[in-house]
Amino acid sequence: MNEVPLVEVRDLTKDYAEGENVARVLKGVQLTVAQGELVALLGPSGSGKSTLLNILGTLMRPTSGSVRVLGQSLVGAEDLVLTEFRNRHIGFVFQAHLLLPDFTALENVMFPAAARHGRERHTDRARASELLDRVGLSDRRDYLASQLSGGQKQRVAVARSLMNAPELVLADEPTGNLDRESADRVMQLLIDINSSDGTGFLISTHDENIAARCQRQIYMADGRIADDRR
Amino acid sequence: MLYSIKIATRYLTATRGQSLLLVVGVAVGVYVFVFMSALIGGLAVLLIDRTVGSIAHVIVEPPDRNPVLLQEVPGALLAVLKSSQQRPTLQSAAAYLPVIEATPHVSVVVGKLLGNGFMVKGEAVAPVQITGIEDKDISAIADIDSSLVAGSSELMLGTAVIGSGLAESLGVGVGQSLVIRSERNVEQSITIGGIFELGLAAIDEAAVYLNIRAARVLLALPEGLSRYEVKLDDLQQARSVAEDLRARTGLKATAWQDQNAQLLEGLTAQARSGDLIKGFALVTIIIGIASALLLSTYRRQSEIGIMRAMGASRGFVVTVFVIQGAIVGLAGGVLGAGLGFLSLLPFPPPEMTSGGGLPVDYRQGAYGAAIALTLAGAIAASIWPAYTASRIDPVKAIGP
Ligand SMILES: Nc1ncnc2c1ncn2[C@@H]1O[C@H](COP(=O)(O)OP(=O)(O)O)[C@@H](O)[C@H]1O
Ligand SMILES: [Mg+2]
């Protein structure tokens, strides 16, 4: 394939200052993910999964190494450039669903488009409505986010992550707070979107069952990639 | 912009009670601002009306006599100083009258003969200021007629109209006779024809009005006048009219503002203390809005983090919080100014009150300034919270 990789990480390190000391959390990560891949990120708690996802999502800057998403180097870019980049190319689903509680499900889904255009366009409203339909929440469209259940909120978050049709969705333990049934439903949703839209996913999880449903499993341990299975 | 307005209003309406409280707090500050403006403005109107209503707007008198150089001696000056005994008089006063009357804005011109003296009643002696005036002119400058507390204001040859404070200190009433002695050592016996009370201590305690013909004898000034006193149709024109009169007559002409440095100083000091209170009101508004918004950035920390992660720029976050401040400022400003106007409306303007009531002037509430300053203050107050919000680290806000 001649296509530019979705993610290309070389010699990535990340240090956190802990008081006087510096803790190295990522210790030289090498990673390439092709466009449209569905990847599970596994590993014990504290192994550096969230840190890696945050760096890929341009929410955090690496200490050293190179990070490219869709061929673009994100090291050292200005905040506004990074903000615009993640708005267009990266979707997020967090563990604690994190919606805007005073806004309706539809408004939450629309947010990335509205932030981009400075207003809520009709076409965006239609697309958000369609996405809510797709995650099975068309009947909850005008509910405030604070009035939804945990599973429903996470499905709204999934719909929101797709709003600007990103090439990459980063999901940090998206099923961590959900019961078995809701977790399965959300996971199935991600798999369906991957196969129908070709959106690339990086999903961190503790759940081997969930990981088994992905095309590729990357195991992290102590700040390094310990295993990479397809 | 449109979208940040939507988010800002949603944030404000989501915490309806708190927002309402904040707006009311701002409105109270604005109300104080408006009320102080109306009060200071009203007091000024009242003071000017009371004072300027009883004095001349422009005084035209002979120029100050410069010290006359007697002899040129090297290294020394020998001069005659101004005599305090001999007041300069307008010798050919009548010639000036048509000129003064023809000057624009001049509405009333009254000629006066002035002098000092004493009134003696038995053991009691009081220093007095003697004003000789035509009988018809007695109420032209100060409204003696309507300030009478006893007798009549008619000035006959042997009668005097005096201030109430003076009457009291001499222990005399209408119809009683006493002796008046001038600075030129001329004595006359006169009868009290009327007693007035203007409410201005300086006049009430020393003024004696005499018929001008009686005053000429008493002050040994068979002809001429001490000064002309002029009333204008527009108070504020006094200085330019004085200028005009100086040019037309070559005499000394002084506007009321320059005769009453203390009044003007008092008004300025009053305005300054009013500004101070208004300034405090504004500072309170700014602190209130800033602290409320800062609290809101804390409470919404994780939401701001999400918005940033979803691709909202720092500028967008700043706009959302500045707009919240602006909305609170505008709402509080309009509410406060509106309530201020409504509560001031029942008060009659100070120049119409007969005294006693609060001298607030609803026309001087400075409503527009109050709203504009509040809006500007609110926007200024929101800049720090907005900046703080825009610097929130999305990773920390989103949490593990
Ligand atoms: N902001 C931070 N400051 C200091 N240490 C941190 C911070 N965030 C994470 N860490 C540490 O980095 C390590 C990796 O954390 P994380 O990337 O969250 O791992 P995982 O998601 O795999 O549990 C942990 O030891 C954690 O304590
Ligand atoms: Mg984690």
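Residues numbered from 1 in each chain as written. Chains lettered and ligands numbered in written order. Predicted model: local features only at pLDDT ≥ 70, side-chain atom pairs only at ≥ 80, totals over all residues. Heavy atoms only, no water.

Engineer: So, the overall build of chain B: which residues are in play, and what are the values?
Structural biologist: The helix and strand inventory of chain B stands at 13 helices and twelve strands. Taking 2.2 N^0.38 as the reference for a compact globule, 400 residues should give roughly 21 Å; the C-alpha atoms of chain B span a radius of gyration of 33 Å, well beyond that estimate. By principal-axis analysis of the C-alpha atoms, chain B measures approximately 105 × 60 × 40 Å. Here chain B holds 400 residues, and the buried ones make up 47% of them. If you take every contact in chain B between residues at least 6 apart in sequence, the share linking residues at least 24 apart comes to 77%. Of the roughly 19,000 Å² of accessible surface on chain B, a fraction of 61% belongs to carbon and sulfur atoms. (Helix = DSSP H or I, 4+ residues; strand = E, 2+ residues; numbered from the N terminus. Rg over C-alpha atoms; globule rule 2.2 N^0.38 Å. Buried < 20%, exposed > 50% of the residue type's maximum accessible area, 1.4 Å probe, protein only. Contact = heavy atoms within 4.5 Å. Areas by Shrake-Rupley, 256 points an atom, 1.4 Å probe, with all protein chains shown as cover.)

Engineer: Go over the UniProt feature "transmembrane region" (unreviewed entry) in chain B, please, and point to the residues and values.
Structural biologist: All names here are of chain B. The feature "transmembrane region" (unreviewed entry), as annotated in UniProt, sits at residues 20-48, 276-295, 316-345 and 365-387 in this numbering. From the first C-alpha to the last, residues 20-48 spans 41 Å; its make-up is 100% helix and 0% strand. Helix makes up 91% of residues 365-387 and strand 0%. Its end C-alpha atoms lie 34 Å apart. (UniProt positions renumbered as here; feature names shortened; annotations may be inferred.)

Engineer: Let's hear about helix H4 (residues 122-134) of chain A: which residues, and what values?
Structural biologist: Residues and elements named next belong to chain A. Between its first and last C-alpha atoms H4 spans 18 Å; for 13 residues at 1.5 Å apiece the expected length is 18 Å, and the two agree. For H4, the full list of buried residues reads Asp-124, Ala-128, Ser-129, Leu-131 and Leu-132. Down the axis of H4, the buried set is contained in an arc of 160°. They therefore lie on one face. Exposed side chains of H4 directed beyond 90 degrees from the buried face belong to His-122, Thr-123 and Glu-130. If you follow the buried residues of H4, they end up packed against helix H3 (105-117) and helix H5 (150-161). Following H4 by one or two positions, Gly-136 has its phi on the positive side, about 75°. (Expected span 1.5 Å × (residues − 1). Arc of directions from axis to C-beta.)

Engineer: How would you explain the interface of chain B and chain A if you had to name every residue and give the values?
Structural biologist: Taken together, the contact between chain B and chain A spans 25 residues of the former and 27 residues of the latter. Here chain B packs against chain A, burying approximately 2,300 Å² in sum over the two surfaces, 66% of which is carbon and sulfur. Note that Arg300(B) and Asp102(A) form a salt bridge whose closest N and O atoms lie 2.8 Å from each other. Our count for the chain B to chain A interface comes out at eleven residue pairs in polar contact (both at pLDDT 80 or more). Mapped by element, the contributors of at least two residues to the side of chain B that touches chain A are helix H1 (2-14), helix H10 (301-309), helix H11 (314-344) and helix H13 (394-398) of chain B. Examining the composition of the side of chain B that touches chain A, we find that seven residues originate from one element, H1(B), more than from any other. Taken together, the residues of the side of chain B that touches chain A sort by class into 16 nonpolar, two polar and seven charged. (Buried area = accessible area lost by both parts, 1.4 Å probe. Salt bridge = Lys/Arg side-chain N within 4 Å of Asp/Glu carboxyl O. Polar contact = N/O pair within 3.5 Å; in protein donor to acceptor, adjacent residues only side chain to side chain. Nonpolar A, V, L, I, M, F, W, Y, C, P; charged D, E, K, R; others polar.)

Engineer: Account for the side chain of Asn54(A), naming residues and giving values.
Structural biologist: Relative to the helices and strands, Asn54(A) resides in helix H1 (residues 49-56). Exposure remark for Asn54(A): the relative accessible area of 13% places this residue in the buried category. Aside from chain neighbours lying at most four places away, what touches Asn54(A) is Leu59(A), Met60(A) and Val395(B).

Engineer: Explain the site of ligand 1 to me, using residue names and the numbers behind them.
Structural biologist: All names here are of chain A. Neighbouring residues of ligand 1: Tyr-16, Glu-18, Val-25, Pro-44, Ser-45, Gly-46, Ser-47, Gly-48, Lys-49, Ser-50 and Thr-51. In this structure, Tyr-16 approaches ligand 1 through a side-chain N or O atom, which is 3.5 Å from a nitrogen atom. A distance of 2.5 Å separates an oxygen atom of ligand 1 from a polar atom in the side chain of Thr-51. Surface burial for ligand 1 is 63%, taken as the share of its 560 Å² of free accessible area covered by protein chains. Looking at the shell around ligand 1, the elements with two or more residues in it are strand E1 (7-18) and H1. The greatest single-element share of the shell around ligand 1, amounting to three residues, is contributed by H1. (Near = heavy atom within 4 Å.)

Engineer: Outline the environment of Met310(B), listing residues and values.
Structural biologist: With respect to the helices and strands, the residue Met310(B) is situated in the loop between H10 and H11. Excluding residues that lie within four positions of it along the chain, Met310(B) makes contacts with Asn87(A), Phe92(A), Phe94(A), Phe111(A), Pro112(A) and Arg160(A).

Engineer: Which residues make up the confidence of the model for chain B, and what are the values?
Structural biologist: When pLDDT is averaged along chain B, the result is 88, and 93% of the positions lie at 70 or above. The ipTM value of the predicted complex is 0.94, and its pTM value is 0.78. (pLDDT = per-residue confidence, 0-100.)

Engineer: Outline the sheet that holds strand E4 (residues 64-69) of chain A, supporting the account with residue identities and numerical values.
Structural biologist: Residues and elements named next belong to chain A. An order of E2-E1-E4-E5 is seen for the four strands of this open sheet, with the pairing classed as antiparallel. Looking at strand neighbours, the two that pair on one side only are strand E2 (21-33) and strand E5 (72-73), the edges of this open sheet. The pairing of E4 with E5 spans two bridges and is classified as antiparallel. Bridging from a neighbouring strand, Val-69 pairs with Gln-72 of E5. Set on the sheet, H1 makes contact with E1, E2 and E4; between it and E1 the angle comes to about 115°. (Pairing = 2+ DSSP bridges. Axes fitted to C-alpha atoms, helices over the stretch in contact; angles between N-to-C directions.)

Engineer: Provide a residue-level description of the sheet that holds strand E7 (residues 168-172) of chain A, including the pertinent values.
Structural biologist: Residues and elements named next belong to chain A. One open sheet accounts for six strands, arranged E6-E7-E8-E3-E9-E10; its pairing is mixed. Edge positions in the sheet fall to strand E6 (90-93) and strand E10 (224-229), since each has one partner strand and no second. Geometrically, the sheet is characterised by an average inter-axis angle of 20° between neighbouring strands, direction not taken into account. For strand E9 (residues 216-221) and E10, the ladder comprises five bridges, and the chain directions are antiparallel. Bridge assignment links Ala-221 to a residue of E10, and that residue is Arg-224. Where H1 meets the sheet, its contacts fall on strand E3 (38-42), E6, E7, strand E8 (200-204) and E9, and the angle it forms with E7 comes to roughly 150°.

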